[in-house]
Amino acid sequence: MTSTQLERACPPGRIESDRPPEPAGFLSACPGYSSTVLLDWLRATEYSYLDAGGHVYLDYTGAGLPAQAQVRAHAERIGEGCFGNPHSENPTSTASTRLVERARLAVLAHFNAPPEEYAVIFTPNATGACRLVGEAYPFDRRTRLVLTSDNHNSVNGIREFARASGAATQYVPFGSPELRIDDDAMRRALAAPRRRGLLAYPAQSNFSGVQHPLRWIETAHENGYDVLLDAAAYVPTNRLDLSLVKPDFVPVSWYKVFGYPTGLGSLIARREALGRLRRPWFAGGSVYLASTAGDWHTLAPDEARFEDGTVSFLQIPDLESGLAWVNGIGIDLIHQRVTCLTGWLLDRLAGLRHGNGQPMARIYGPADTRDRGGTVAFNLLDPGGRVIDERAVARATAAAGISIRTGCHCNPGASEGASQLTGPALRAAARARPQTMDEYVGLLGLPSGGALRASVGLASNVEDVERFLAFVQATYADRDADTGGLAPRRGC
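Structure report, in brief.

Cut-offs applied
- Residues numbered from 1 in each chain as written.
- Predicted model: local features only at pLDDT ≥ 70, side-chain atom pairs only at ≥ 80, totals over all residues.
- Heavy atoms only, no water.
- Helix = DSSP H or I, 4+ residues; strand = E, 2+ residues; numbered from the N terminus.
- Contact = heavy atoms within 4.5 Å.
- Pairing = 2+ DSSP bridges.
- Axes fitted to C-alpha atoms, helices over the stretch in contact; angles between N-to-C directions.
- Core = buried A, V, L, I, M, F, W, Y, C linked by side-chain atoms within 4.5 Å.
- Buried < 20%, exposed > 50% of the residue type's maximum accessible area, 1.4 Å probe, protein only.
- Phe/Tyr/Trp six-rings, centres within 6.5 Å; stacked < 30°, edge-to-face > 60°.

1. Section: the environment of alanine 304
With respect to the helices and strands, the residue alanine 304 is situated in the loop between β10 (296–299) and α14 (317–329). Remark: the alpha-carbon pair of alanine 304 and leucine 333, spanning 29 residues in sequence, is separated by 35 Å. Those residues within four positions of alanine 304 in sequence are excluded, and the remaining contacts are Gly285 and Ser286.

The following block contains the structure:
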């Protein structure tokens, strides 16, 4: 995707759109929204399928949405060229290799990461990047794994590799009702006697939207730790400059940034830190030489040693066009739009009331936009203050054409923190060996099995937020929710 393609989608002088007027008080609450009018034009053109289908899409933390220009760029490239498996030197292989390496450089440029310091390894998603680090990190009895209580399960799972190698694992607790991690507790954890190991935490919570301090990276390095910074929820709407902050491992899922292609992520890693990893196996693509009779192998050099099998060579070049699309719009412009909409959603949701004055929503995490992203976790409440079953809300929003996320969001620590669950209570429930998620919820005495999550992104507008809020008001104000016939919970 080039700037020419963005200009084609939004020609000069054609930025004004036919969007409806903003709700009363919105522009005074967020005057910066007016500067993001380009995104309204793109919504009406490149993302026109949203309004054509009547969609209210509020699940950008789950997945971004592709611009039609991205899809056209993919079709044009495939239709005009011939590309083969890059593990060869024939013409079609060489064509694929050239585009794959261009995409690698585009990723580095997007993060302002010096190529001599950072490498880009292509993975199926951020989860695959986390597993790659976990299985190859040199854990032993002298090392520690430090995790925040707020982590996606793809990061939590690294603890199993650490435990299998005898490493100690420690979780740093929440320090406030806003689901922020206690800064002093983090410093104490990193200063513990066993000083070498790995710190893993999210730049932005996929549950609450909290943005955790990037300064912890330097603190960890000062205490002898490598740092895995989960950037999957952060980078779609925030700038991450790897020339300024220096995490050792950065997992990313590209469909969260610009929607297409799916099934493709990256591990952006410091070359020095990669040198400390010890892969537990080898495969085609990641091995340079191998012998069956001699029972030995030599791994491939550089990034190739971490890329098992054949990389997704028809999709990886789409990263270059997707990044050019986002950069042509401007990540700071996207950030401005998301911040405005998040603040409006938080304020309006917190202000919803039943006729008896009781709030209609309970919000988890920060109540304002300071150090938080465009992800808002909450539950809806009935007039008596009881939590409305998240499955009932999921059923009702789906019927209304509204896409939000419901459940635990693969972040048990944040869900437990939001519900104020204690370690003893959780261990007691586990000892009872519940057979289903519903049994587990009952043992914990929870009113619901999870939270609702609304998240805004590149193609969002204030009308999306207003339509969702109008739905909540019309469906639940002064009413008890219909919870009959709900399907069993499938897990978390």
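2. Section: the sheet that holds strand β11 (residues 361–364)
For sheets, the rule is that strands pair by backbone hydrogen bonds, running either parallel or antiparallel. Reading across the sheet, the four strands line up as β11-β12-β15-β14 and stay open at both edges, with antiparallel pairing between neighbours. On the outer flanks of this sheet lie β11 and β14 (405–407), each paired with one strand and no other. Going from strand to strand, the sheet's axes swing by 30 degrees on average, the running direction of each strand aside. Direction of pairing for β14 relative to strand β15 (residues 451–455): antiparallel, over a ladder of three bridges. Bridging from a neighbouring strand, threonine 406 pairs with leucine 452 of β15. Helix-sheet contacts for helix α16 (residues 390–399) involve β12 (375–380), β14 and β15, and the interaxial angle to β14 is about 155 degrees.

3. A look at the nonpolar core
One finds Phe111, Leu240 and Trp254 to be the most contacted residues of the largest nonpolar core, which totals 96 residues. With ten residues, the single largest contributor to this core is helix α15 (residues 331–351). When residues no more than four places from it in sequence are discounted, the contact partners of phenylalanine 111 are Val235, Leu240, Asp241, Leu242, Ser243, Val252, Trp254 and Ile268. Ranked by size, the runner-up nonpolar core spans 25 residues in total, among them Cys130, Tyr137, Ala200 and Leu277.

4. Let's talk about the packing of aromatic side chains
For the structure on display, the rule yields eleven aromatic pairs. Ring centres of phenylalanine 26 and tryptophan 344 lie 5.2 Å apart, and the angle between their planes is 80 degrees; on these two criteria the pair is classed as edge-to-face. Of the two residues, phenylalanine 26 is situated in helix α2 (residues 26–29) and tryptophan 344 in helix α15; the sequence distance between them amounts to 318 residues. Each member of the pair, phenylalanine 26 together with tryptophan 344, is buried. When the ring of phenylalanine 471 is compared with that of tyrosine 476, the centres are 6.1 Å apart and the planes differ by 85 degrees; the resulting orientation is edge-to-face. Judged on exposure class, the residue phenylalanine 471 and its partner tyrosine 476 are both buried.

So yeah, pure geometry; function would need other evidence.
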